[in-house]
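Survey of secondary and tertiary structure
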Amino acid sequence: MTGKADYLLLGDYNAVCYECGRKRKASMLKKHWQGYFVCPEHWEIRQPQDFVRAVPDVQTPPWTQPMPADSFVARCSFEGTSGAADYAEADCARVGNPTPV
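It should be emphasised that the depicted structure is a prediction, and the values quoted were computed from it without experimental measurement. (Residues numbered from 1 in each chain as written. Predicted model: local features only at pLDDT ≥ 70, side-chain atom pairs only at ≥ 80, totals over all residues. Heavy atoms only, no water.)

Considerations on the overall build of the protein
- Check the secondary structure of the protein and you find zero helices and four strands.
- Along the chain direction, N to C, the helices and strands of the protein fall in the order β-β-β-β.
- The C-alpha radius of gyration computed for the protein amounts to 44 Å, which surpasses the reference 13 Å derived for 101 residues by more than 25%, pointing to a less compact arrangement than a globule.
- Each principal axis of the C-alpha atoms in the protein carries an extent, and together these give about 120 × 30 × 25 Å.
- In the protein, which comprises 101 residues, the share counted as buried stands at 18%.
- Pairs at least 24 apart in sequence give 1% of the contacts found in the protein among residues at least 6 apart.
- As displayed, the protein has an accessible area near 9200 Å², and 56% of this comes from carbon and sulfur atoms. (Helix = DSSP H or I, 4+ residues; strand = E, 2+ residues; numbered from the N terminus. Rg over C-alpha atoms; globule rule 2.2 N^0.38 Å. Buried < 20%, exposed > 50% of the residue type's maximum accessible area, 1.4 Å probe, protein only. Contact = heavy atoms within 4.5 Å. Areas by Shrake-Rupley, 256 points an atom, 1.4 Å probe, with all protein chains shown as cover.)

What about the packing of aromatic side chains?
- Evaluated as defined, the whole model comprises one aromatic pair.
- Ring geometry for Tyr18 and Tyr36: centres 4.0 Å apart, planes at 25°, overall stacked. On the criterion of sequence distance, the pair formed by Tyr18 in the loop between strand 1 (14-16) and strand 2 (23-25) and Tyr36 in the loop between strand 3 (30-31) and strand 4 (37-38) is long-range, its members being 18 residues apart.
- What makes Tyr18 exposed here is its relative accessible area of 56%.
- The ring centre of Tyr7 lies 4.7 Å from the NZ or CZ of Lys25, which sits over that ring.
- Above the plane of the ring of Trp43 lies Lys30, whose end atom (NZ or CZ) is 4.2 Å from the centre. (Phe/Tyr/Trp six-rings, centres within 6.5 Å; stacked < 30°, edge-to-face > 60°. Lys NZ or Arg CZ within 6 Å of the ring centre and 35° of its normal.)

Quick word on the environment of Ala26
- Structurally, Ala26 can be placed in the loop between strand 2 and strand 3.
- Judged by its relative accessible area of 18%, Ala26 is buried.
- Here the alpha-carbon distance between Ala26 and Thr2, two residues 24 residues apart in the chain, equals 17 Å.
- In this view, Ala26 contacts Asp12, Tyr13 and Ala15; residues no more than four positions away in its chain are not counted.

Here's the deal with the side chain of Arg24
- Within the element layout of this structure, Arg24 appears in strand 2.
- At a separation of 3.1 Å, a polar atom in the side chain of Arg24 contacts the side chain of Glu41.
- Excluding its chain neighbours within four sequence positions, the residues that come into contact with Arg24 are Ala5, Tyr13, Asn14, Ala15, Leu29, Cys39, Pro40 and Glu41. (Polar contact = N/O pair within 3.5 Å; in protein donor to acceptor, adjacent residues only side chain to side chain.)

Concerning the environment of Leu8
- Tracing the backbone through its elements, the reader meets Leu8 in the segment before strand 1.
- Between the C-alpha atoms of Leu8 and Arg24, which are 16 residues apart in sequence, the distance is 12 Å.

Thoughts on the pattern of salt bridges
- Counted under the stated rule, the structure contains four salt bridges.
- The residue Lys23 makes a salt bridge to Asp6 at a minimum N-O spacing of 2.9 Å. Residue Lys23 is located in strand 2, and its partner Asp6 is located in the segment before strand 1; the two are separated by 17 residues in the primary sequence.
- A single network of salt bridges, built from pairs that share partners, joins Arg22, Arg24 and Glu41. (Salt bridge = Lys/Arg side-chain N within 4 Å of Asp/Glu carboxyl O.)

Okay, here's the thing in structure tokens:
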């Protein structure tokens, strides 16, 4: 069975449209933006929104610093300065302090 594209044209050949499947001459088909060849009825331009570039949204602050290390201040209570074993605290006990009552 022969169709419209079945004729001799030197340097040309038959090809099929990717969209509709009709046989056409290769010189008649156009390359679609997705890379395949289609007949002129199915050819469409690429959506202009595909080329939009957004403004970078930088959400980092201009400078940061780490939290300072925890600092512990040793405070000795009155009972902790005692020389008694049950009442004394480390690094606070002093010889000669009376035992609290």
